[in-house]
Amino acid sequence: MASSARPPRPDRRLLLAGATATAALAALGFSPEALAQQGLRLGEGESFDFEALKQRAREMASRPYQAPPSPRPDVLERIDYDAHGKIRFKPEMALWADGPSSWPVTFFHLGRYFQKPVRLHVVEGGRAREIVYDESYFEMPPDSPARELPRGAGFAGFRFQESRTGHPGRKGEKLEWQKNDWVAFLGASYFRAIGELYQYGLSARGLAIDPAVGGKAEEFPDFTHIWLETPQPGAEHVVVYALLSGPSVAGAYRFRMHRGKGVTMEIETKIHLRRDVERLGIAPLTSMYWYSEKAKASAVDWRPEVHDSDGLALWTGAGERALRPLNNPPRTMASSFIDENPRGFGLVQRDREVGHYLDGVFYERRPSLWVETQGSWGKGAVQLIEIPTDDEIHDNIVAMWVPAGPAKAGATYALRYKLHWLADEPFQSDLGRVVATRLGNGGQPGTTRPKGVRKFMVEFKGPALEAIPFGVKPEVVLSASRGSFSYIFAEAVPNDVPGHWRAQFDLTVDGTDPVEMRCFLKAGDTVLTETWLYQYLPF
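Bear in mind that the values here come from a model prediction, so they are computed numbers and not experimental data.

Turning next to the pattern of salt bridges. As enumerated under the stated definition, the model contains 31 salt bridges in all. For the salt bridge of Arg 147 with Glu 135, the shortest nitrogen-to-oxygen distance reads 3.1 Å. Of this pair, Arg 147 sits in the loop between β6 (138-139) and β7 (157-161) while Glu 135 sits in the loop between β5 (127-132) and β6; the two residues are twelve residues apart in sequence, bridging distant segments of the chain. A residue is classified by how much of its surface remains accessible, and Arg 147, at 36% relative accessible area, is partly exposed. The class for Glu 135 is partly exposed, based on a relative accessible area of 27%.

The next thing to look at is the packing of aromatic side chains. For the structure on display, the rule yields 35 aromatic pairs. With a centroid separation of 6.2 Å and an interplanar angle of 5°, the aromatic rings of Tyr 137 and Phe 155 are classed as stacked. Here Phe 155 lies in the loop between β6 and β7 and Tyr 137 lies in the loop between β5 and β6, a separation of 18 residues in the sequence. Given a relative accessible area of 0%, Tyr 137 falls into the buried group. Judged by relative accessible area, which is 1%, Phe 155 ranks as buried. Ring centres of Phe 505 and Trp 532 lie 5.9 Å apart, and the angle between their planes is 65°; this geometry places the pair in the edge-to-face category.

Attention shifts here to helix α3 (residues 50-61). The end-to-end C-alpha distance of α3 is 17 Å, a good match for the 16 Å that twelve residues give at a rise of 1.5 Å each. In this structure, the buried residues of α3 make contact with β12 (222-229), β13 (238-246), β14 (249-259) and β15 (263-273). Sitting at the head of α3, Asp 49 places a side-chain oxygen 3.2 Å from the backbone nitrogen of Glu 51.

Attention now goes to the pairing of β14. Among the eleven residues of β14, eight are classified as buried, and the element is accordingly described as predominantly covered. Sheet topology note: the β13/β14 ladder contains nine bridges and is antiparallel. By the bridge assignment, Val 238 is partnered in β14 with Met 257. The turn joining β13 and β14, which pair antiparallel and follow one another in sequence, is formed by two residues. Bridge analysis of β14 against β15 gives eleven bridges, and the strand direction is antiparallel.

Residue placement: Pro 304 occurs in the loop between β17 (289-291) and β18 (306-307). Judged by its relative accessible area of 31%, Pro 304 is partly exposed. Taking the C-alpha atoms as reference points, Pro 304 and Tyr 291, separated by 13 residues in sequence, lie 8.4 Å from one another. What Pro 304 contacts, discounting residues up to four positions off in sequence, is Tyr 291, Ser 292, Lys 296, Gly 355, His 356, Tyr 357 and Leu 358.

The subject of this paragraph is unusual backbone geometry. Here the bond from Gly 99 into Pro 100 is cis, since omega is 5°, no more than 30 degrees from zero. Turning to its location among the elements, Pro 100 is positioned in the loop between β2 (88-89) and β3 (105-108). The backbone of Ala 299 shows a phi angle near 60°, a positive value even though the residue is not glycine. Relative to the assigned elements, Ala 299 resides in the loop between β17 and β18.

Taken together, four strands build an open sheet; the order of strands is β27-β28-β31-β30 and the sheet is antiparallel. Whereas interior strands pair on both sides, the edge strands pair on one side only; in this sheet they are β27 (433-441) and β30 (484-492). Sheet twist, expressed as the average angle between the axes of neighbouring strands with direction ignored, equals 15°.

The rules behind the values
Residues numbered from 1 in each chain as written. Predicted model: local features only at pLDDT ≥ 70, side-chain atom pairs only at ≥ 80, totals over all residues. Heavy atoms only, no water. Salt bridge = Lys/Arg side-chain N within 4 Å of Asp/Glu carboxyl O. Helix = DSSP H or I, 4+ residues; strand = E, 2+ residues; numbered from the N terminus. Buried < 20%, exposed > 50% of the residue type's maximum accessible area, 1.4 Å probe, protein only. Phe/Tyr/Trp six-rings, centres within 6.5 Å; stacked < 30°, edge-to-face > 60°. Expected span 1.5 Å × (residues − 1). Contact = heavy atoms within 4.5 Å. Polar contact = N/O pair within 3.5 Å; in protein donor to acceptor, adjacent residues only side chain to side chain. Pairing = 2+ DSSP bridges. Axes fitted to C-alpha atoms, helices over the stretch in contact; angles between N-to-C directions.

This is the structure in structure tokens:
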């Protein structure tokens, strides 16, 4: 790999420390030579550290963009979904199959849907060596188009397999690592992890460039180079570095990832803009929402609900907690939640009832993904993009932080944050939480229903509601951008579940423009629930 950034002059003490670490690993059989003997082809070594990578990204941003080459696109087009599924990486060829990491690394093959190769490297003792593609790493049919790719064509991505020595978060539990993985980087700058319920779902990515900007195609920058840091024996985390490049941006990323109850990623990034960006999405999350208990077209599908996520959760800089249920809108919609130094946000899957999905793909196990901000993020907004979909195969939801002010060419953004892939948000309160949103015709049962009136049932559940004295009803606090409310009251959900209440109200509104609504429950001056935020789109 030819580096465009000259590495800093090495410190003699660091060289000695690196040499000592390399010697210790070599004594255990984990040297580059040992990896080569295992069968992995490695390139020449060169110096590597994160500071040099950040400098490289800065220098790249000052030069015109060069797209990564794609080897033999005509061949890759023939590696369709079926052909790609028949190509299997040999687990015995995995990086660190015998240590020192508890989590071996396997690689994805190129194909029709992943045509841009990412250059993968292993780092050890301050030196990086490229892992060179060889078709012998993969099992494939004799007639597979992949056999026609040139030598060293490259990989589509990589993944960390489960621990060779047992799950660190669950004593005595050990999965067959050759068949189970917990983090995958594949396609552009997309990556994802399983949560504590052992299921993949939504994705994260390095950066979002101009999603849902009218008259402008979204840009998808790529992780073009990846460096996998060799861990010390017994390490409880893995470290990955990535170089991001696209027509509008260049950036350096560091991921420190821990496999415990779920997956936690500490991310540090420095981003440089090559040109102006209209909508710059930091820490973007991408998911799928088709329909839920809130709204479903008649006979569109046999399952009660289909979604990877059902809400956008917010924890503002001022301390307010809120949930915005997701929509499958009739047209692309962008919502903005203005904030300063937010504490966090995430796309969550709160509905965990198996009977609400009735599907063997385990939507009830899909992880929630929370962004924990670190340091000062300044002014900006959490923005939510919702795109119409008529099937579950399309990711149609994006949530991200968009800094205030114009994102101009030459601008630099240095940020740190954590990603928590769990079953629920990592930082919870005693407030009642939104657990369901239901819509129906307005008015009272048994009477003629008025035209243009929509009924809402918003369910809350949580410790603060459990503490309400018997006979006391919480107050419903409502507001809307337009329209008027009627028939407002709160009641306990008649299911004998402590702390399970619902707010009921009717909304009368004219026209078809969106209506922004807020609702929460309180008792006196005490707030009992998080805030329900909703964008209603009148029919």
